[in-house]
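# Topology and contacts: notes
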Amino acid sequence: MAVAAKHKNKNDINSFLNANFNILVVLVVVIVLAAAYFLIIKPKFELTLVAIKDNIGQQEQFYQSQRQKLVDLQAAAAMYHKISDSDIRKIKEVLPDEYAKEKLFGELEDIITQQGLLITGINLEKIGEADNEAEPMAAKDERLLDIPNSEHVGVIAANIKLSSTDYAGLKNLLPLFESNLQLVDIDSIDFDQEDKTAEITLYTYYFK
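Residues numbered from 1 in each chain as written. Predicted model: local features only at pLDDT ≥ 70, side-chain atom pairs only at ≥ 80, totals over all residues. Heavy atoms only, no water.

### With respect to the overall build of the protein chain
Worth spelling out the cut-off: Helix and strand labels come from DSSP, where a helix needs a run of H or I of at least four residues and a strand needs a run of E of at least two; each type is numbered from the N terminus. Think of it in three bands: with a 1.4 Å probe and only protein chains considered, a residue is buried below 20% of the maximum accessible area for its type, exposed above 50%, and partly exposed in between. The contact criterion used is simple: two residues touch if any of their non-hydrogen atoms lie within 4.5 Å.
On a plain count of helices and strands, the protein chain comes out with five helices and four strands. Helices and strands in the protein chain line up, N terminus first, as α-α-α-α-β-β-α-β-β. When the 208 residues of the protein chain are sorted by exposure, 19% land in the buried category. Within the protein chain, contacts between residues separated by at least 24 positions form 69% of all contacts whose residues are at least 6 apart in sequence.

### Focus on the sheet that holds strand β1 (residues 118-126)
In plain terms, the rule: If DSSP finds at least two bridges between two strands, the strands pair. For helices, the axis comes from a line fit to the C-alpha atoms of the stretch in contact; other axes are also lines fit to C-alpha atoms, and the angle between any two N-to-C directions lies between 0 and 180 degrees.
Taken in spatial order, the four strands make up an open sheet running β1-β2-β4-β3, and their pairing is antiparallel. Looking at which strands have only one partner, the edges of the open sheet turn out to be β1 and β3 (184-192). Taking each pair of neighbouring strands and ignoring which way they run, the sheet shows an average axis angle of 15 degrees. Note: β1 against strand β2 (residues 153-163), eight bridges, orientation antiparallel. In the sheet register, Glu125 faces β2, and the bridge partner there is Ala157. The strands touched by helix α4 (residues 101-114) within the sheet are β1, β2 and β4 (197-207), with β1 carrying the most contacts at an inclination of about 155 degrees.

### Comments concerning unusual backbone geometry
A positive phi is found at Ser164, a non-glycine position, where the angle reads about 50 degrees. If you trace the backbone, Ser164 turns up in the loop between β2 and α5 (167-180). Classification of Ser164 by relative accessible area gives partly exposed; the value is 47%. The phi angle at Lys196 is positive, at roughly 55 degrees, despite the residue not being glycine. Mapping Lys196 onto the fold places it in the loop between β3 and β4.

### Here we look at the confidence of the model for the protein chain
Quick note on the threshold: Along the chain, pLDDT gives the predictor's confidence residue by residue, from 0 to 100.
Model confidence for the protein chain is summarised by a mean pLDDT of 75, while 67% of its residues fall at 70 or above. Within the protein chain, the element-level pLDDT minimum falls on helix α1 (residues 2-19), averaging 60, and the maximum on β1, averaging 89.

### Let's talk about the side chain of Asn159
Test applied: For the purposes of these results, a polar contact is taken to be a pair of N or O atoms within 3.5 Å, where, inside protein, one atom must be able to donate a hydrogen and its partner to accept one; residues adjacent in sequence count only when each atom of the pair is a side-chain atom.
Residue position: Asn159 is located in strand β2. At 3.0 Å, the side chain of Asn159 forms a polar contact with the side chain of Glu199. Not counting chain neighbours up to four residues away, the residues in contact with Asn159 comprise Gly121, Ile122, Asn123, Glu199, Ile200 and Thr201.

### Topic: α4
This is how it is decided: The length a helix should cover is 1.5 Å for every residue beyond the first. Think of the arc as the fan of directions from the helix axis to the C-beta atoms.
Over its 14 residues, α4 extends 20 Å from the first C-alpha to the last, a length consistent with the 20 Å expected when each residue adds 1.5 Å. All of the buried residues along α4 are Leu104, Leu108, Ile111 and Ile112. Projected down its long axis, α4 carries its buried residues within an arc of 95 degrees, all on one side. In α4, those exposed residues whose orientation departs by more than 90 degrees from the buried face are Glu102, Lys103 and Gln114. Just beyond α4, the residue with positive phi is Gly116, at close to 75 degrees.

### What about the environment of Thr113?
Within the secondary structure, Thr113 sits in helix α4. A polar side-chain atom of Thr113 sits 3.2 Å from the main-chain carbonyl oxygen of Asp110.

### Comments concerning the packing of aromatic side chains
For the record, the criterion: In this scheme Phe, Tyr and Trp rings, the latter by its six-membered ring, pair at centre separations within 6.5 Å, and the angle between planes marks the pair as stacked below 30 degrees, edge-to-face above 60, and tilted otherwise.
This structure, assessed with the given rule, holds one aromatic pair. Taking the centre distance of 5.1 Å and the plane angle of 80 degrees together, the rings of Tyr37 and Phe38 count as edge-to-face. Judged by its relative accessible area of 38%, Tyr37 is partly exposed.

### Some points on a nonpolar patch on the surface
Here is the rule: What goes into a patch is any residue over 30% in relative accessible area without a salt bridge, connected to like charges within 9 Å or, for nonpolar side chains (Val, Leu, Ile, Met, Phe, Trp, Tyr), within 5 Å. Areas reported here follow the Shrake-Rupley algorithm with a probe of radius 1.4 Å; residue values treat only the protein chains shown as occluding. The salt bridge definition used is simple: a Lys or Arg side-chain nitrogen within 4 Å of an Asp or Glu carboxyl oxygen.
Side chains of Tyr37, Phe38, Leu39, Ile40 and Ile41 sit close together on the surface and give an oily, nonpolar patch of about 550 Å² of accessible area. Within the secondary structure layout, Leu39 lies in helix α2 (residues 21-82). We classify Leu39 as exposed; its relative accessible area is 69%.

Okay, structure coming up:
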């Protein structure tokens, strides 16, 4: 009896499998696909989605930065067009666009002689110009312009030696340098009251 019952149960299972084979295959496929989705596809999809969002964020930041640059350029262009020709000429007088060594020498000479001071020597040197390889200026390596686009600004060093000079004459001379010449930085003044001599070193600038 036990063998017959066991055989009957086996036949029932086979009959059930044969009757529901298609359903079981579909169920197995669904389980495999679900496992593949949650274990493989979904993690990769999430990583890809994060990468896409990061890329979109970077593109938006780049777009905003470029847009701001465009706005700044438009504002600069609008401001430039508002500058009058007279103002542009004034700017060029303060910072000329060429190295006018002879003109600067004449201006210095005129200003000094009008104050009744005697010139014993004026030496002009364009910083970086190899006019005197034997005695290069010590200031050449020290005077670095700490300004944007300084590579486009040239520097002229003027060393002026005076005689028959008193304190009052020297004091009156310095403001004239700053008011009559283009942009000027007075670097040093060496005044000998007993010998009535003075040595002045100043720097002026120009567009390269």
